[in-house]
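Fold and contact review
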Amino acid sequence: MARDKTNLDIFWLKDKSLADLDSLPDPDVLANEIIENMEASLASFKEIMATINGNGDVNENGN
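About the criteria used
Residues numbered from 1 in each chain as written. Predicted model: local features only at pLDDT ≥ 70, side-chain atom pairs only at ≥ 80, totals over all residues. Heavy atoms only, no water. Helix = DSSP H or I, 4+ residues; strand = E, 2+ residues; numbered from the N terminus. Buried < 20%, exposed > 50% of the residue type's maximum accessible area, 1.4 Å probe, protein only. Areas by Shrake-Rupley, 256 points an atom, 1.4 Å probe, with all protein chains shown as cover. Patch = residues over 30% accessible without salt bridge, like charges linked within 9 Å, V, L, I, M, F, W, Y side chains within 5 Å. Salt bridge = Lys/Arg side-chain N within 4 Å of Asp/Glu carboxyl O.

What follows concerns the overall build of the protein chain. Across its full length, the protein chain carries 1 helix and 0 strands. Burial statistics for the protein chain: of 63 residues in total, 2% are counted as buried. Approximately 6,300 Å² of the protein chain is accessible, and the part contributed by carbon and sulfur atoms is 57%.

What follows is the structure, given as structure tokens:
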């Protein structure tokens, strides 16, 4: 069987915005952005689960 010549090495994909480490926001700013994104994702998931379960309304606890 002939070997596929596909290269799965993704190191050539570089985010140029990360190349300049001096321009990155402070770690606490990054951490807060991550927390906000995770909370928004969790809220969206809770809404999806409420829709699946037939509950139109969902409170902050997911109930």
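Nonpolar side chains collect at one region of the surface, where F45, I48, M49 and I52 lie side by side and expose about 400 Å² of accessible area between them. In this fold, M49 is placed in helix 1 (residues 27-53).

Function-wise, these values are silent; they only describe arrangement.
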